[in-house]
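Here are the chains, one letter per residue:
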Amino acid sequence: MTGRILAIALNTFREAIRNRILYLLLVFAVALILCAQTLSLLTVGSEEKIIKDFGLATIDLFGVLTAVLMGIGLVSREIERRTVYVLLAKPIHRAEFVLGKYAGLVLTLLVNTAIMALCFVLLLLAKGIFDPGILLAIALLFLQFLLITAIAVLFSCLSNPIVSCILTLALYAVGHLLWSFDLLRARLAAPWARALCAGLQRLLPDLAPFDVKGQVVHGIPLPPGTVAYAFVYLALYGGAVLALACAAFQRKEMQ
Amino acid sequence: MSRKGRTGRGRFLLAAALLLALSVGFEKEFGAAGRGSGAAPLLYLPSGRYLKVASLGYDELLADVLYLWSIQYYSNYDIGDRYVYLEHIYKDVITELDPRYLDPYLIGAMIMSAEAQDPEMALRLLDKGIAKNPDQWILPFEAGFLCYQTLRDYPRSSRYFEQAAAVPGVPPIVQRFKAEMTRRAGDIRASLGEWAGIYDAATDDYVRTIAWKHVHDLRVQVDLEDLTAAIAAYRDRFGRAPAGLAQLRTAGLLAEIPRDPEGRDYVYEPQSGRPSYGGVSILGR
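As the structure is a prediction and not an experimental result, all values here were calculated from the model.

As for the overall build of chain B
- Along its length, chain B carries 12 helices and 2 strands.
- Secondary structure of chain B in N-to-C order comes out as α-α-α-α-α-α-α-α-α-α-α-α-β-β.
- For a compact globule of 285 residues, the expected C-alpha radius of gyration is about 19 Å, and chain B comes in at 32 Å, more than 25% above that figure.
- When its C-alpha atoms are laid out on the principal axes, chain B stretches across 120 × 35 × 35 Å.
- Every one of the 285 residues in chain B was classed for burial, and the buried ones make up 32%.
- Once local pairs closer than 6 in sequence are excluded, the contacts in chain B between residues at least 24 apart make up 51%.

Focus on the overall build of chain A
- Helix and strand counts for chain A stand at 12 helices and 0 strands.
- Reading chain A from its N end, one meets helices and strands in the order α-α-α-α-α-α-α-α-α-α-α-α.
- A compact globule built from 255 residues would reach a C-alpha radius of gyration of about 18 Å, and chain A, at 20 Å, matches this within 12%.
- Projected onto its principal axes, the C-alpha coordinates of chain A cover approximately 60 × 55 × 30 Å.

Quick word on unusual backbone geometry
All names here are of chain B.
- One non-glycine residue, Q117, lies in positive phi territory at about 55°.
- With respect to the secondary-structure elements, Q117 resides in the loop between helix 5 (102-115) and helix 6 (119-132).
- Q117 sits in the exposed class, given 11 other C-beta atoms within 10 Å.

Notes on the confidence of the model for chain B
All names here are of chain B.
- Taken residue by residue, chain B gives an average pLDDT of 88. The fraction at 70 or more is 93%.
- Looking over chain B, one finds the lowest element-wise mean pLDDT in helix 1 (residues 3-35), namely 78, and the highest in helix 6, namely 96.
- The ipTM for the predicted assembly is 0.77, set against a pTM of 0.77.

Quick word on the interface of chain B and chain A
- Listed as interface residues are 16 residues of chain B and, on the opposing side, 20 residues of chain A.
- At the level of elements, helix 3 (59-74) and helix 5 of chain B are the ones that each hand at least two residues to the side of chain B that touches chain A.
- By residue number, the principal contributor to the side of chain B that touches chain A is helix 3 of chain B, which donates 7 residues.
- Of the residues assigned to the side of chain B that touches chain A, the class counts are 9 nonpolar, 2 polar and 5 charged.

Brief notes about the domain arrangement of chain B
Residues and elements named next belong to chain B.
- Segmenting chain B into domains produces domain 1 (41-187) and domain 2 (188-285).
- Averaged C-alpha coordinates put domain 1 and domain 2 at centres separated by 41 Å.
- With 8 residues of domain 1 in contact, the opposing surface of domain 2 contributes 11 residues.
- For the side of domain 1 that touches domain 2, the class distribution of residues is 2 nonpolar, 2 polar and 4 charged.

Let's talk about helix 5 of chain B
Residue and element names in this part refer to chain B.
- For helix 5, with 14 residues, the first-to-last C-alpha span of 19 Å sits near the 20 Å given by 1.5 Å per residue.
- Counted residue by residue, helix 5 has 10 buried out of 14 residues, so it is predominantly covered.
- Within helix 5, burial applies to L102, D103, P104, Y105, I107, G108, A109, I111, M112 and S113.
- Its buried side turned inward, helix 5 meets helix 3, helix 4 (86-97), helix 6 and helix 7 (138-151).

Thoughts on the packing of helix 4 of chain B against helix 6 of chain B
Residues and elements named next belong to chain B.
- Contact pair helix 4 / helix 6: the axes reach a minimum separation of 10 Å and the direction vectors enclose 10°. One finds that helix 4 runs roughly parallel with respect to helix 6. Across the interface between the two elements, E87, Y90, K91 and T95 of helix 4 pack against M121, R124, L125, K128 and G129 of helix 6.
- Per-class residue counts for the contact of helix 4 with helix 6 are 3 nonpolar, 2 polar and 4 charged.

As for helix 3 (residues 47-71) of chain A
- Along its 25 residues, helix 3 of chain A runs 35 Å from first to last C-alpha, staying within 8% of the 36 Å computed at 1.5 Å per residue.
- Judged by how many residues are buried, helix 3 of chain A sits mostly within the fold: 20 of 25 residues are covered.

What to know about the packing of helix 7 of chain B against helix 8 (residues 154-165) of chain B
Residue and element names in this part refer to chain B.
- Where helix 7 contacts helix 8, the two axes come as close as 8 Å, and the packing angle between them is 165°. By the criterion of interaxial angle, the relationship of helix 7 to helix 8 is roughly antiparallel. In this structure, the crossing between helix 7 and helix 8 has a hand that is left-handed. Residues P140, F141, A143, G144, C147 and Y148 of helix 7 form the contact with helix 8, whose participating residues are Y154, R156, S157, Y160, F161, Q163 and A164.
- In terms of residue class, the contact of helix 7 with helix 8 is built from 9 nonpolar, 3 polar and 1 charged.

A word on the nonpolar core
- Among the nonpolar cores identified, the biggest contains 104 residues, and V98 and V153 of chain A are the most heavily contacted of them.
- A total of 17 residues in this core trace back to one element, the largest contributor, which is helix 7 (residues 133-158) of chain A.
- I198, A211, V215 and L218 of chain B belong to the second-largest nonpolar core, a separate cluster that totals 7 residues.

Some points on the environment of N112 of chain A
Residues and elements named next belong to chain A.
- Here N112 shows up in helix 6 (residues 94-127).
- In this structure, the C-alpha to C-alpha distance between N112 and L184, residues 72 residues apart in sequence, is 37 Å.
- Residues within four places of N112 in sequence aside, it is in contact with L22, L26, G63 and T66.

Focus: the confidence of the model for chain A
- Of all residues in chain A, 98% attain a pLDDT of 70 or more, and the chain-wide mean is 88.
- The weakest mean pLDDT in chain A belongs to helix 5 (residues 83-88) of chain A at 76; the strongest belongs to helix 7 of chain A at 94.

Section: the environment of A114 of chain A
- For A114 of chain A, the location among the structural elements is in helix 6.
- The spacing of A114 of chain A and I51 of chain A is 63 residues in sequence and 18 Å in space, taken between C-alpha atoms.

Definitions and cut-offs
Residues numbered from 1 in each chain as written. Chains lettered and ligands numbered in written order. Predicted model: local features only at pLDDT ≥ 70, side-chain atom pairs only at ≥ 80, totals over all residues. Helix = DSSP H or I, 4+ residues; strand = E, 2+ residues; numbered from the N terminus. Rg over C-alpha atoms; globule rule 2.2 N^0.38 Å. Buried ≥ 20, exposed ≤ 12 C-beta atoms within 10 Å, placed from the backbone. Contact = placed C-beta atoms within 7 Å. pLDDT = per-residue confidence, 0-100. Nonpolar A, V, L, I, M, F, W, Y, C, P; charged D, E, K, R; others polar. Domains from an automatic or database assignment. Expected span 1.5 Å × (residues − 1). Axes fitted to C-alpha atoms, helices over the stretch in contact; angles between N-to-C directions. Parallel < 35°, antiparallel > 145°, perpendicular 65-115°, else oblique. Left-handed = near helix turned anticlockwise from the far one by under 90°. Core = buried A, V, L, I, M, F, W, Y, C linked by C-beta atoms within 7 Å.

Right, dumping it as structure tokens:
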């Protein structure tokens, strides 16, 4: 089983690195990271903060864009091109196909993030402002990409790329706004509405544990267990989303 | 590609170059007028609380971008009404997006006090920074310095320096400012105690020398104040000034007759009933 997933993953990776969108995003990201150096010339003080903020935000944004833009077509494009029939005609379980596709994109994201991180770290080293906490922030951002990819794959199994893109980006936005549900709940009078709000808050993906950019840049120590919490949350929530994606693909009728 | 095709492509490229040149000229001529000038466009800049929601986790980056913009905006002396939304920009937007970002507090306060001539606005911004960053001594230090230099409000300045001095790892200069503000606020005994503490804790000769000069002059001031008060009390009791300072001890008005920092007796003239210091004030006060 692992061998078949690995074969699909490597094939997906090979396919991804031939995709021009990936290179376009990567070139833009690297250019923006290097631009942080120029931006810092416009400020009074805080050059270090601006370079770090800009670099981390670029890695975050372009990692998410890569995950979304490549993840949304991962399964649906195979169906559209009918290449999925060739694969499924072989002794491959549908879940293996979904997991293989996911693993292939994770590998692509790993390479992509590593290249962006390398450029960023080299810039920080050249400026003499490197801090090992930056690597931790990038590692947590990578975990966030894994969760976003899982969500994109789920929608890719359920819908066409445009709808998948909108829904994934909407969940990405909501995932960064879950703290505002507390404010909303405090303003709701009806107990059922408050319960619904609390339920949604628990159910929707929480991306805040993966975002420690601010703390790292300001040198604020992370609360103990932050990394462990992010890992466990990704394993549980991401696992649930992937299981749903497998179930959705299992039920999908191929015509 | 055929000759006809190449000619067609050339025409399109020529048209593109022509239109681009026209658009650049048009933008240069009319662009600024269309965008409007002055502070009016800032009327619609929302509060940082709303921008924080809209920034989707990129609040620090948005704070950086707005801070960079603010530096360019407030450096432009052609905008006459640029200070209209100054407090909103720094206090309600940039520092709301990233409350741990120290430069907007410091630079914002500098623009408010030095450029907009509104030190109270600067202190409101620094107060917010102090509340959000209690581990940063630089913010109360800046507020104290502003009260000292611009407002000449020494008691208030002393309170800010006291706040700064309470932060762990604060540089020794903050304690020195605090002690000096206490003196300027009129409490010379407390100031003497603080300078004596600085002298005892000093680890280098430079600080020790500075502290000793202050302790010296303050010691003289405090002693002369004590002697003057005791002479006044003596005069009230006996209807005349004492013949010598030793009589103040005999009358039970002073437990000990103080000597100056050099170990000499203070000069006393029974005719005028005034004590004085026989040496020279080191700091020239």
